[in-house]
Amino acid sequence: MAGKEHNLVMLGAPGAGKGTQAKMLSEELGIPHISTGDILRMAVAEGTELGQQAKGYMDRGELVPDELVIAIARERLAEPDCEDGFLLDGFPRTVPQAEALEEVLDELDREPLKVINLDVSEEELVRRLAGRRVCSECGEIYHIDYSDVEDGGVCPKPECNGEIEQRSDDRPEAIRERLRVYADQTEPLIDYYDERGLLAQISGEGPPEEIAERVLPAVRG
Ligand code: AP5
């Protein structure tokens, strides 16, 4: 598939804005947005076996075991809509996951990855996570400082009547654990991808639209 496919990874701490940027970028490039967090949350909501296995880890802010998420990613990347590219959000998160992703791309004979790391200060991460609210129906992400949403209220999207709620892992205790786990297990991937010449470092601070303007040239360049 010479040259044109965008095989992207969005890297960054919890609350760095991966989901927000990935949504805009996948629409702009016409490639699927694959969030392992969203896939796992859907499995939890549906009460599937995967969901039952993952729920405790997620609520505590810990990582779900590698073998479960690697299986999810492997299956999803083999689907036909990923043939022209994909945008991974929240995967890989450990070195074994990154190694498994390399293997999958080799097996599928794909172009190399481009990895975008969104860099955001810890103070801003905590502010974003504590103020995040999501729609239980459409999954839209809001922040209490930048929208009119309130807990138990209704999603402002015209066609949606979903309830506005807080993610169970956005409680202060779980936020602290997620940031600790990130520093311990995921941050090393910045060097991992930098050493392989695949990394673009982007400041994730400022309005989302400005960040998107920094991300796009890095992806296309
Ligand atoms: P996941 O859903 O991936 O959570 P995360 O990485 O902790 O990331 P978040 O979704 O919290 O943040 P984000 O960077 O997407 O930020 P967002 O755009 O929402 O994973 C959840 C759990 O699933 C994990 O803890 C783990 O248990 C499990 N899991 C998932 N993948 C796994 C894997 N590969 N291996 C093992 N376990 C896995 O923005 C956050 C807030 O900030 C929002 O309110 C938003 O409106 C606001 N905001 C965004 N951008 C800006 C901006 N520029 N300025 C101001 N506010 C902004």
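Reading the values: rules and limits
- Residues numbered from 1 in each chain as written.
- Predicted model: local features only at pLDDT ≥ 70, side-chain atom pairs only at ≥ 80, totals over all residues.
- Heavy atoms only, no water.
- Buried < 20%, exposed > 50% of the residue type's maximum accessible area, 1.4 Å probe, protein only.
- Helix = DSSP H or I, 4+ residues; strand = E, 2+ residues; numbered from the N terminus.
- Pairing = 2+ DSSP bridges.
- Salt bridge = Lys/Arg side-chain N within 4 Å of Asp/Glu carboxyl O.

Walk down a regular strand and you will see the side chains alternate between the two sheet faces. Here strand β5 (residues 132–135) shows a buried face lined by R132 and V134 and a second buried face lined by R133 and C135. Here β5 pairs with strand β6 (residues 141–143) via three bridges, running antiparallel. Residue pairing in the sheet places R133 in a bridge with Y142 of β6. Remark: five residues form the turn of the hairpin made by β5 and β6, two consecutive strands paired antiparallel; G139 in that turn has positive phi of roughly 80°.

Another aspect to go through is the pattern of salt bridges. The full count for this structure, using the stated rule, is 22 salt bridges. Between E124 and R127 there is a salt bridge, with its nearest N and O atoms 3.0 Å apart. Here E124 and its partner R127 are both found in helix α6 (residues 122–131), three residues apart, which amounts to about one turn of the helix. A salt bridge links R178 to D169, with the shortest nitrogen-to-oxygen separation between them at 3.8 Å. Residue class for D169 comes out buried when judged on its relative accessible area of 9%.

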